[in-house]
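# A look at the structure
Now for the letters of each chain:
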Amino acid sequence: MLKSQSVYRIDAPGKVTGETMYAGDITPDNLLHGKVVFSNQPHARMIAMDTSAAEAVPGVVAILTAKDVPMNGYGLSGPDQPVLVGLGSSNPHADISRWEGDHVAIVIAETETAAAQARSLIQIEWEQLPIIGSMEEALKDAVIIQPWHGSNVLKKYQIRKGDMAAGWDEADIILESTYHLPYQEHAFLQPEAGIGYIDDKGRVTVEVGGQWAHEDREQVAHSLALPEEQVRIIYPAIGGAFGGKEDMSLQIVLGLAAMRLHERGINRPVRIIWTREESIFGHHKRHQATVYTKWGATKEGKITAVSATVHMDSGAYAYTSPKVLGNFHLMVTGPYEIPNAHIDSYAITTNNVPGGAFRGFGGPQGAFAAETQMNKLAEALGISPVDIRLKNVLREGSLLTVQTPPPPGISMAEVVERCAQEAGWNSEQYSGNGGQSPISNFRSPFNSIQSLPGNPQTLRKGRGIACSFKNVGFSFGAPENCEAIIEIHGTAEIERVVLRHAAADVGQGTHTALKQMAAAAVGVDMNLVELDMSDTATSRNSGSVSASRMTFMAGNAIRGAAEAALTAWASEDRPAIGHYKYIPPGTEPYDAETGVCMPNFSYGYVAEAVELTVDIETGHIYVEKVVCANDVGKAINPMLIEGQIEGAVVQAHGYALMENLVVKDGRILNPYLSQYLIPGIKDVPEIVQSVIMEVPDPIGPWGARGMAEMPFLPLAPAIVAAVHDATGVWFDEIPLTPSRVVAKLREKD
Amino acid sequence: MKPAPFEYVAPDSLDGALAAMQQHGFDAKPLAGGQSLVPVMNFRLAQPGVLIDLNGVPGLDGIWQTSDGTLHFGSMVRQSRLERDPLVAQHQPLLAEALPHIAHPQIRNRGTFGGSLAHADPAAELPLICVALNGRIKLQSTTGERWIAARDFYTSLFTTDIGDEELLVEIALPPLPAGTGTAFTEMARRHGDYALSGVAAVVTVDGSGVCTAARLVYLNAGEVPMVAEQAAQMLVGERPSEEIWLETAVAASQNEIDPRGDIHATADYKRHLAKVLTIRALKQAFARAGN
Ligand SMILES: Cc1cc2nc3c(=O)[nH]c(=O)nc-3n(C[C@H](O)[C@H](O)[C@H](O)COP(=O)(O)OP(=O)(O)OC[C@H]3O[C@@H](n4cnc5c(N)ncnc54)[C@H](O)[C@@H]3O)c2cc1C
């Protein structure tokens, strides 16, 4: 059996002593340095490129351009993005830059300085094309950004459930809103970095931070037109990802550089390290989106119908947008049983930075709309936001909008109740305008950002609650599996156990949890377990660390592999080797017409209650307390779970209150952490109370569910509800910057 | 990024530093705490040919009081020391109150009084405080020295009256007249960042509680620390009241500051914030003046 245990992170000593090597630390002899040349063109056709001055810079070894790329198109949803935009490649669409972050060349030199100097000397002549900087503009289809696709609607899903006319008829109240959700930058600690070389077996090898080594290998192999066995991906330590390292950044160009140099007889490793600015330009963001939605309910608070139109800006290339849209589409009605639903969701191509994976994967945007609608209904009907949720949440046997039930183990009601209880939120107390009068026993919450105590007369307290569910694992029919290899060494007794696995430890601590699970599965002490991780040369495909899936998937794979190894051990195999590929229950894509499908095989459930103070004069919001109840099924390592809850809350706090990526005409105007503000230690909620619940998932390993994205989802709507409670004003757009808050409050007066 | 190449000299006396300034003139930059200079060099917004490091120059790090009550500061006094110095807390509480708003402790440990004044960022706290307190600044070169009022020192954005060969060596803050109360407040979007708006209020009241003098100075409200002369004048001859504070705050924020909108806040919001902070600062300053 597995015992919940907060064992220390196995990677901690190396990281705190500085011994651990991140990709940018790896400095072999003979190292060459590379620079990516960005197009800086949101939409332009290349007419000519002249690299001669750059090549003449002393120390420049090679400059690679489009014609050097064997298969000049790649992407997680299809090969739509040129590796290098430019002339002379096999991809007829590669002459157009569709995003300012498109790559046009790789400069390789003896020093970074020489590479940078050469980069600045590359001359490119562009023919400007109209820049489509907004979804409204894109939807006109006057300019088609992806001609191979034929429309700027990259993907559309719909849901048709029940009888809408009847649903609106039954409603005593109908509430309509439009929500705007902003971009969000991942802002991981470690910007992209990597090193490419040919290994001792002649394989094109890339050491880089990513989220799915075998997918990286597939993308590199495809672009270089190599068999996958000829490509090797190794993940050294990774300094954060949050979805932002799921797509390719340096993987392909480093592989390309290693391969082309080798062909020219140069067998030297090449390293590229992005600056923060390059990182913010160079990878995708959480999607900006607009949700037009209408909810009907009876006066008792039963939802009768929901309609919604979702517009999601997927930017210049698809990345994982079709999948994100799929989640968004499902989550936009929240964790509720909706009898009648009519939903149209669009992913829209623009010349903006691509949208892609980011903790929650479309869930946060959907949850914001659904939870705010729910909170508005509660207010309008004079029902407590807890009670209205309990009347509508999914329970065993409930049907989703896609007309199938979620798998058993649905804990939404228990999670909401527990959260409300821990937050001291019982329904009798609920007044609906908790804070709209000045605070009497006053303690200035704003000491860290202003010196004078402020005016107690202008401080308002409020509280808010929201809940969410989120899938665990790949959805909508995407192939889903995870492999593990367990070797048991010894003679009479087990002396050591080796786990070979590809899971990426991006900082969440998954290697520690996997080691705990391997020990439990084999039935040995953790000290006997050795790890061989994240190298495609030794481990099998694990799938990505995303979709809150790795504990769930790897846990099941490890259990299978351990069982096989123990069987082999019993029949005297030495070492006894077990390999297992876990395949969860199948899922299905949306039906094109009705959306009917079995979307997911597992979910996690979460609720959050927030207490905050608003200074209605300055617009500043100070979050005092967040209570997060999160059903994790089984807490393998409670300390790691708390880390994920606190991290998700802080990241969502930034999303709700601070983070403001300014994109205009396809250009990011604030690609710096000095201008794109993420919360610091003195800005985050004073108290984050993690309430870890364990309602087992029947098919989870030891009952475990995924949990790492879930606490992100309800925070922004809970904050908005609390701000409403404090001020009487609803905000349908975040982040709640002081400037925006004051403007809206003054509108009301 | 890394800075462009530069030469580095580390004089061990003030004379040596002044001589180096004379020798290199326009091409030289004195290096104090480096907390502004090094970042702008790394961004290549500044590319001085020679850095003249003042950190080894003795005699620039004193704080002393003269018989007339004036507090004097060597230009190299670290900001963290200003924050904790008992003389400062006692005689110039406005300075002590503003200090914790400058960046983070690590930066204040290196950053200096003189460096911040010379850098002349209109969003910075120390220039504003010096203007509000009628501070004077001593400039010195190999050919002589001169004193200039802080208010006249600031000429435009990041620009002061200092000559190419001059060093800022000393700051003097005259004592507060009896019956004077001060207050500083600001608001940033994030702890430790430059403020969206901020104001220093210095008010003097007579024995009967009537205001006899007032000063309001704003940061991040124009190219230099912005003095709201006319608005402050509205307070003189009046007894403190919510009404007069509001009138004053409205007048100052509407007529005497010129904040710019940026990605963090609209200009309209900054004006509004200046108004709100003015009322808070005046209320506090008058309360302190009364005691
Ligand atoms: C992250 C960060 C946040 C910050 N936040 C704030 C803030 O909120 N508020 C704020 O006010 N400041 C802030 N600062 C700036 C900080 O206070 C600096 O310390 C200050 O602006 C400059 O002081 P310094 O001693 O470091 O000067 P330096 O950086 O060494 O020099 C600044 C300039 O002054 C010149 N100079 C220095 N000394 C002399 C002298 N004696 N004579 C003539 N010229 C001289 C230099 O040549 C240079 O041009 C921040 C800095 C950082 C890095």
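What comes next concerns the included structure. Worth saying up front: this structure is predicted, and the values here are computed from it rather than measured.

### A closer look at the overall build of chain B
When helices and strands are tallied, chain B shows 12 helices and 14 strands. Relative to a compact globule of 291 residues, whose C-alpha radius of gyration would be 19 Å, chain B shows 19 Å and is just as compact. Projected onto its principal axes, the C-alpha coordinates of chain B cover approximately 60 × 50 × 30 Å. Of all 291 residues assigned to chain B, the portion counted as buried reaches 49%.

### Section: the site of the ligand
Residue and element names in this part refer to chain B. Gly33, Gln35, Gly111, Gly115 and Ala124 are the nearest of the 30 residues found near the ligand. For the shell around the ligand, the secondary structure elements donating two or more residues are strand 2 (28–31), helix 2 (37–42), helix 6 (105–110), helix 7 (113–119), helix 8 (125–132) and strand 10 (167–173). Counting residues per element, the shell around the ligand draws most heavily on helix 7, which supplies 5 residues. Split by residue class, the shell around the ligand holds 16 nonpolar, 11 polar and 3 charged.

### Structural notes on the nonpolar core
Among the nonpolar cores identified, the biggest contains 327 residues, and Val107, Cys419, Ile486, Ala518, Ile558 and Ile719 of chain A are the most heavily contacted of them. Not counting residues up to four positions away in its chain, the partners in contact with Ile719 of chain A are Gly464, Val610, Leu612, Val623, Ala656 and Leu657 of chain A.

### Side note on the sheet that holds strand 10 of chain B
Residue and element names in this part refer to chain B. Read across the open sheet, the 5 strands follow the order 4-5-10-6-7; overall the sheet is antiparallel. Each of the sheet's edge strands pairs with one partner strand only, and the pair in question is strand 4 (63–65) and strand 7 (144–149). Taken over all neighbouring pairs, the strand axes of this sheet differ in orientation by 25° on average, direction set aside. Summarising the sheet, strand 6 (residues 136–141) and strand 7 pair through 6 bridges and their orientation is antiparallel. Bridge pairing in strand 7 places Arg136 opposite Ala149. Where helix 1 (residues 14–24) meets the sheet, it contacts strand 6 and strand 10, and its direction lies at approximately 70° from that of strand 6.

### Some words on the interface of chain A and chain B
Tallying the contact residues gives 25 residues for chain A and 22 residues for chain B. Sort the elements by how many residues they give to the side of chain A that touches chain B and helix 17 (residues 738–748) of chain A lands first, with 4 residues. Partitioned by chemical class, the residues of the side of chain A that touches chain B number 9 nonpolar, 13 polar and 3 charged.

### Some thoughts on helix 14 (residues 550–570) of chain A
Residue and element names in this part refer to chain A. Taking 1.5 Å of rise per residue, the 21 residues of helix 14 would be expected to cover 30 Å, and the 29 Å separating its terminal C-alpha atoms lies within 8% of that figure. Taken across its 21 residues, helix 14 has 15 buried, putting it largely inside the fold. Positive phi shows up at Glu572, right after helix 14, with a value of about 70°.

### Notes on the sheet that holds strand 4 (residues 96–97) of chain A
All names here are of chain A. The antiparallel open sheet is built from 3 strands, whose spatial order is 4-2-6. Edge positions in the sheet fall to strand 4 and strand 6 (123–128), since each has one partner strand and no second. Examined bridge by bridge, strand 2 (residues 44–50) and strand 6 share 6 bridges and lie antiparallel to one another. Pairing of Met46 across the sheet is with Trp126, part of strand 6.

### Observations concerning the pairing of strand 18 (residues 494–501) of chain A
All names here are of chain A. Pairing of strand 17 (residues 482–490) with strand 18, which is carried by 6 bridges, proceeds in the antiparallel orientation. Within strand 18, the residue paired with Ile486 across the bridge is Leu499. Count of turn residues in the strand 17/strand 18 antiparallel hairpin: 3 residues. As defined by bridge partners, strand 18 adjoins strand 19 (residues 529–533) across 5 bridges and the pair is classed as parallel. The residue bridging His501 from the neighbouring strand is Met533, located in strand 19. The β-α-β motif built from strand 18, the intervening helix 13 (residues 510–522) and the parallel element strand 19 has right-handed crossover chirality.

Parameters and conventions
- Residues numbered from 1 in each chain as written.
- Chains lettered and ligands numbered in written order.
- Predicted model: local features only at pLDDT ≥ 70, side-chain atom pairs only at ≥ 80, totals over all residues.
- Helix = DSSP H or I, 4+ residues; strand = E, 2+ residues; numbered from the N terminus.
- Rg over C-alpha atoms; globule rule 2.2 N^0.38 Å.
- Buried ≥ 20, exposed ≤ 12 C-beta atoms within 10 Å, placed from the backbone.
- Near = placed C-beta within 6 Å.
- Nonpolar A, V, L, I, M, F, W, Y, C, P; charged D, E, K, R; others polar.
- Core = buried A, V, L, I, M, F, W, Y, C linked by C-beta atoms within 7 Å.
- Contact = placed C-beta atoms within 7 Å.
- Pairing = 2+ DSSP bridges.
- Axes fitted to C-alpha atoms, helices over the stretch in contact; angles between N-to-C directions.
- Expected span 1.5 Å × (residues − 1).
- Right-handed = clockwise from strand over helix to strand, strands pointing away.

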